[in-house]
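Analysis of the macromolecular model
If you want the building blocks of each chain, they are given just below.
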Amino acid sequence: MGKKAKSSRKGKKAWRANISTEDIDEYFEKSTKDALSGGSLTNVPSESLFFVDKSRDLSVKRKIEKHREKVLYCDSLLQRNSFVQPVPSSTKKKSKKRSKEVPKAKDDVQGHLKEEGVSDSGMVDIWDGKGKHTGKTKKKSKPSIIPAVEVEPPGCSFNPSFESHQDSLARAVADEMQKIYRHELGPEPVPLTVPGEVVDEEEMYFLDADNGSDDDDQNIAKEDKDGDNEHENRRDRRKEQQRAKAEVKKVEQLSKEIDSLPDIIQEIAKEDEEKQKRHLRRAVAKQERLKSRPPRLGKHKYEPAPVQVLLSEEISGSLRKLKGCSTLARDRFKSLEKRGLIVPTAKSGRQLVVICKDERSMEEEAERKIGWFLKLLFFGTGTVVAYQFLPYMGDNLMQQSVSLLHVKDPLFKRMGASRLTHFAIDDERRMKIVEMGGAEKLLNMLGAAEDDRTRKEALKALVALSPSDEATRFLHRAGAISVIRSTPNSSEDAEIEKYKLSLLNRFQDLRFDVSS
Amino acid sequence: MPKHYRPPGKKKEGNAARYITRSQAVKHLQFSLSSRGDELLLQLILVRLCILKGIFPREPKKKVKGNHHTYYHMKDVMFLKHEPLLEKFRDMRAYEKKVKKALSKKNRDLAERLLTRKPTYTLDMLIRERYPSFIDALRDLDDCLTMVHLFAALPAIERDKIDVKRIHNCRRLSHEWQAYVSRTHKLRKTFISVKGIYYQAEVEGQKITWLTPHALQQVLPDVVDYNIMLTFLEFYETLLAFVNFKLYHSINVKYPPILDPQLEALAADLYALSRYLDANSKAPALESQAASSSGSEQAEAQENGTELEESELRLAQLQHQLPSNEPGALMHLVEDAPDEDEDDEETKECKTLFKNMKFFLSREVPRESLLFAIPAFGGVVSWEGEVSPFNESDQSITHQIVDRPTQGHRFLSREYVQPQWVYDCVNARIILPVEDYLWGRVPPPHLSPFVDNEAEGYVPEYAETIRRLQAAARKEVLPMPGLGKEDLDDPQNLLAEGIISRTEAIEAAERKRKMSILEKQYHDELKMELQGVQYSSVSNANKQNSAEDMEAGEKSLSDLQQVEKDHANIEKVVMSRKKRGLLEAMKIGQEAKRARVGLLKERKKRIEPKKSE
């Protein structure tokens, strides 16, 4: 309500109209307003005026939360890394909590100890089921199905029964011999230097260029260019004829196949069966393999330790005289490797190399190990036993024995010779040995031998060969007589002389010139 | 360039993501945070942690990084990453650096002070984690026991970090275990091989096999990585200590046993332990006695329950002061007392095998092993030595174990047998006749009890003899099992009764048949013996007899087998493809085994005539 314009007050001093009625007007206005809106608000109790808004104001909340969640980047870096210790001030609450927990745990342990009366040792029964194990217990699968402690076969007993001992022995021999053969018959290592002429740089270019392939390309291109129309037409016709022929053939083939449908079905069935069988075989083989050795875990292969078995002459039946194995540490280590708990290393697989360093000691050791094997062949049943005992070696046993003569080591030479002695039981086999080159090698061995034992073995093998006329003739041609003559007699071993004499007699029987 | 090109930034999947190589794992575990370089050390830490946690490398189907790497599963590596021990290892390395620094600064005092409070770690939690229950731990005890027994016999070598202390600890642990097994008569089988002596015990239903070395000087071959072995040993020592603790508490004995120092000094640990066990497990029994009749002196001593420990000590000392032949008697007293009702059938059998027998060990026999084995089967044993319970001249000794070609002075009241006799008796569970095992003779072969002759199909000669003896021994004590003769004799009847248990019935019939053959054989032999017939002819006659029996059995069984065959065929048709495959694989294996047995028999046949020649 605006102010009224000031009018003249002349003569109107007492005019009531000039009295201000502002407050009254205000009051009226207010009251009318109130009346219109329904009562004055000042008299109304505040409960009816205000209320708590319980419906969520989502947007606001989200905003607040978001701000609360926000972590500075530097803090987040620390949080992410579990190895960084938290700043102490920020984790006051937590540490308090922990400190409360620890004494409780201690109490638990101490109380437990008191109960058991073992406070002096500080040991607790961890399987009493009281203090619940907090970490989740993961069921771990065993890395291998091989038992931790494998019991040896009965043949490895300190006083074994004869058959089981033979069985174990045969296995040990087979392992040993396999090793030897692999060493001997395996592919030769790639030579470090190759003999040959040096190739010049200029020549090398020529060598490269001498392929001649681009010449042909040029020729074809020339022909294409030169070919005239007639030529082309003829070729087209021929092509068409060929195509028609092929189509006819195809149809024929198809009809033939349809005719032979049952056969095909049978074939497919057979193939399927074969496939299944192969799968089965593979599965079985894999199971077997897992039983005897671990999966390949690293660079090196697992090499099993040799079987610990007594030699025949070492069996005394007395526990006192037993030559027990003193390398159980290696056995345990191998067991760990075998179960796949640790990765085989080059060191643990490298036994052969270590032994090879000292040839003399190797011979002794091998002889100790294989001595009974030789004995078996000397006194035993010869080929039959050898075939039976050494099933892993295949049929070319003779060939292998001959190749044993190659070896530089006298022990193996002797072994080869003695085996040849036992193979040579009839003329056919004797000739076979000669054909394989055994006779020559025996002579070489005899000539190069340095000790009596080797000479004796070689002579013995030669004597075994001599009953065959053919073989003796061959020996004569190979110059056996001079070699035999030049063999020195041994003072200790009378047998050498005996063999020599019998050989020379044999030559004389066949009327060869012995005196030369 | 790899075969399958993966654009940079794209996630890896398959084997490439699931497996990482060893060096990657080392990086992943952030060993190299603190020190760069010396890869070897870091790898050692990884290997160590893996061994302790029981995590081992695996062979992925596809080796993404190449064939010559060692792979770990990603999950395993993550599992290692959250191991508190990792942190501990880091702390220790940091601490070592401190010491090294102090030393190189010639600050001797500081170094010594630091060394006194070196941080250490314990493996208790790991054992709890790897073996959530006691049975789990027992199940995995084979390797643990073998390793601990091995190290107990190794020489201490400075260069390989094999401590004297650890070896002594191993010795103690192994003796504690043996004492428990011996005391509770849990030993089941023994086998002496060239490698060492195998034992098998049955604890809480778990068969535990372990190998102990012979009492010889052990050599340390250089192909063995002793760091790895020692890490394994560390874990196993802790495990065995906890297992021993639990076992000792289960028979009411305080765990870290207090041993007689004199016995300990003379390296008779096992005996000391067994005495301790006897004394200790007797104490509760005495206490209960005291409660019922409070009259004896010992009861008074026992009544102050608060000083239990002291009284036990005194008891042990008292026992020691007793005259030399007394402890044996004391041991004997204790034998009958404890928990008779808890034992199962087998334990009872084992307990009474060497009952009422007194053994004396000569100098030349393996003492440790026999001291373990004989008491485990209820015998009383002594040996030549200062602190032994009784002397060689004791008249009550029944068996003296000797292993020498000639025996000078001999007592007529006792048998002189070779040690093998004890082991063979233990395996056969009967007292074998001593004639074959007398001193100076070559004893019969020592057979492996771990071979199941039935399954193998091949029975050595001596095993057959033992079996006959066993049957004879059983005959004396109890009647033959399987009294319901009518049921078993007539398989047809059985078939009619219940087709469900067909296989069982067949097995029973088979067993019955075998048993009857054996029985018959035995009776026949007895008869022949009475008539004074030579053994060789007996065996021939027997063979014929048994062959006839076999035929008869075959006939009666033939139709039954037909039914069985049909049933198997039907089952085979019903089976899934995979199962069928497995079955066939099994059959192939059995076939191979049979072939092997045939070969063995044939070989033997061939050898026999040669021998006789």
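Scroll up for the structure.
Residues numbered from 1 in each chain as written. Chains lettered and ligands numbered in written order. Predicted model: local features only at pLDDT ≥ 70, side-chain atom pairs only at ≥ 80, totals over all residues. Heavy atoms only, no water.

1. Observations regarding the overall build of chain A
Helix and strand counts for chain A come out as 23 helices and zero strands. Within chain A, the proportion of its 516 residues that are buried is 30%. Of the contacts formed within chain A by residues at least 6 apart in sequence, a portion of 68% connects residues at least 24 apart. Entry remark: accessible area of chain A is about 37,600 Å², with carbon and sulfur atoms responsible for 53%. (Helix = DSSP H or I, 4+ residues; strand = E, 2+ residues; numbered from the N terminus. Buried < 20%, exposed > 50% of the residue type's maximum accessible area, 1.4 Å probe, protein only. Contact = heavy atoms within 4.5 Å. Areas by Shrake-Rupley, 256 points an atom, 1.4 Å probe, with all protein chains shown as cover.)

2. Remarks on the overall build of chain B
When you go through chain B residue by residue, the secondary structure sums to 26 helices and nine strands. Taking all 613 residues of chain B together, the buried fraction comes to 45%. Partitioning the contacts of chain B with sequence separation of at least 6, the portion at a separation of at least 24 is 63%. Total accessible area on chain B is roughly 33,700 Å²; 53% of this is exposed by carbon and sulfur atoms.

3. Here's the deal with the packing of helix α19 (residues 438-448) of chain A against helix α20 (residues 452-465) of chain A
Residues and elements named next belong to chain A. The N-to-C vectors of α19 and α20 enclose an angle of 150°; their axes lie 9 Å apart at closest approach. The orientation of α19 relative to α20 falls into the category roughly antiparallel. Crossing of α19 against α20: the hand is left-handed. Of the residues in α20, those in contact with A439, L442, L443, M445 and L446 of α19 are T454, R455, A458, L459, A461, L462 and L465. Its residues assigned to classes, the contact of α19 with α20 shows 10 nonpolar, one polar and one charged. (Axes fitted to C-alpha atoms, helices over the stretch in contact; angles between N-to-C directions. Parallel < 35°, antiparallel > 145°, perpendicular 65-115°, else oblique. Left-handed = near helix turned anticlockwise from the far one by under 90°. Nonpolar A, V, L, I, M, F, W, Y, C, P; charged D, E, K, R; others polar.)

4. Here's the deal with the packing of aromatic side chains
Residues and elements named next belong to chain B. Per the stated rule, a full pass over the model turns up 19 aromatic pairs over all chains. With centroids separated by 4.9 Å and ring planes inclined at 75°, the aromatic side chains of Y199 and F372 adopt a geometry described as edge-to-face. Highlighted residues: Y199 in strand β4 (residues 196-203) and F372 in helix α18 (residues 367-376), separated in sequence by 173 residues. Looking at Y199, the relative accessible area reads 2%, which means it is buried. Seen from their ring centres, Y248 and Y255 are 5.5 Å apart, and the 85° between their planes marks the pair as edge-to-face. (Phe/Tyr/Trp six-rings, centres within 6.5 Å; stacked < 30°, edge-to-face > 60°.)

5. Things to note about the pairing of β4 of chain B
Residues and elements named next belong to chain B. Among the eight residues in β4, eight count as buried, and that is most of the element. Pairing of strand β3 (residues 187-192) with β4, which is carried by five bridges, proceeds in the antiparallel orientation. Within the sheet, the bridge partner assigned to I192 lies in β4 and is I197. Where β3 hands over to β4, the hairpin turn is made up of three residues, counted between the paired strands. Pairing analysis gives eight bridges linking β4 to strand β5 (residues 206-213), with the strands arranged antiparallel. Each bridged residue has a counterpart across the sheet, and for Q200 the counterpart in β5 is T209. (Pairing = 2+ DSSP bridges.)

6. Things to note about the packing of helix α10 (residues 164-183) of chain B against α18 of chain B
All names here are of chain B. Taken N-terminus to C-terminus, the directions of α10 and α18 make an angle of 25°; their axes are 8 Å apart at the nearest point. On the basis of their axis angle, the class for α10 and α18 is roughly parallel. When α10 is examined against α18, the residues R171, H175, Q178, V181 and S182 are found in contact with a partner set consisting of E368, F372, P375 and A376. A class-by-class count of the residues in the contact of α10 with α18 yields four nonpolar, three polar and two charged.

7. Details of unusual backbone geometry
All names here are of chain B. In this structure, H185 takes a positive phi of about 55° despite not being glycine. With respect to the secondary-structure elements, H185 resides in the loop between α10 and β3. A residue is classified by how much of its surface remains accessible, and H185, at 2% relative accessible area, is buried. At N252, a position not held by glycine, the phi torsion is positive, near 65°. Position of N252 relative to the elements: it lies in the loop between α11 (226-250) and α12 (261-265). Take N252: its relative accessible area is 56%, and that puts it in the exposed class.

8. Considerations on the sheet that holds β4 of chain B
Residues and elements named next belong to chain B. Spatial ordering of the open sheet is given by β3-β4-β5, a layout of three strands whose pairing is antiparallel. Each edge of the open sheet is held by one strand with a lone partner, namely β3 and β5. When the angles between neighbouring strand axes are averaged without regard to direction, this sheet yields 15°.

9. Notes on a negative patch on the surface
On the surface, a cluster of negative charge is made up of D263, E267, E271, D272, E273 and E274 of chain A. Inspection of the secondary structure puts E273 of chain A in helix α10 (residues 261-292). (Patch = residues over 30% accessible without salt bridge, like charges linked within 9 Å, V, L, I, M, F, W, Y side chains within 5 Å. Salt bridge = Lys/Arg side-chain N within 4 Å of Asp/Glu carboxyl O. Lys, Arg positive; Asp, Glu negative; His and termini not counted. Charge placed at Lys NZ, Arg CZ, Asp CG, Glu CD.)

10. Some words on the interface of chain B and chain A
Counting residues at the interface gives 104 residues for chain B and 76 residues for chain A. Carbon and sulfur atoms supply 65% of the area that chain B and chain A bury against each other, a total of about 7,600 Å² over both sides. Its largest share of buried area at the contact with chain A, chain B owes to R128, V194 and K195 of chain B, together 11% of the area lost on that side. Taken together, chain B and chain A are joined by six salt bridges. R603 of chain B is the partner of D167 of chain A in a salt bridge, and the nearest nitrogen-oxygen pair spans 3.5 Å. Linking chain B to chain A there are 26 residue pairs in polar contact (both at pLDDT 80 or more). Examining the composition of the side of chain B that touches chain A, we find that 13 residues originate from one element, helix α26 (residues 577-612) of chain B, more than from any other. Classifying every residue of the side of chain B that touches chain A gives 52 nonpolar, 20 polar and 32 charged. (Buried area = accessible area lost by both parts, 1.4 Å probe. Polar contact = N/O pair within 3.5 Å; in protein donor to acceptor, adjacent residues only side chain to side chain.)

11. Some thoughts on the pattern of salt bridges
Under the definition given, this model contains 32 salt bridges over all chains. For E83 of chain B, the salt bridge goes to K53 of chain B, with nearest N and O atoms at 2.4 Å. Of this pair, E83 of chain B sits in the loop between α4 (74-81) and α5 (84-104) while K53 of chain B sits in helix α3 (residues 39-53), placing them 30 residues apart in sequence. One salt bridge in this structure joins E87 of chain B and R90 of chain B, with 3.7 Å as the shortest N-O distance. Separated by three residues within a single helix, E87 of chain B and R90 of chain B lie in helix α5, roughly one turn from each other. Residue classification places E87 of chain B among the partly exposed positions, given a relative accessible area of 29%. Residues joined in a network through salt bridges with shared partners are E152 and D331 of chain A together with K195 of chain B.

12. Examining α20 of chain A
Residue and element names in this part refer to chain A. Helix length check: α20 (14 residues) gives 20 Å between terminal C-alpha atoms against 20 Å at 1.5 Å per residue, within 8%. Burial analysis of α20 places 10 of its 14 residues in the buried class, which makes it a mostly covered element. Of all the positions in α20, only T454, R455, K456, E457, A458, L459, A461, L462, A464 and L465 are classed as buried. (Expected span 1.5 Å × (residues − 1).)

13. Details of a positive patch on the surface
On the surface, a cluster of positive charge is made up of K179, R182, K286, R289, R293, R296 and K301 of chain A together with K61 of chain B. Those elements that place two or more of their residues in the positive patch are α6 (162-185) and α10 of chain A. Inspection of the secondary structure assignment puts R289 of chain A in helix α10.

Purely spatial values, then, with no claim about function.
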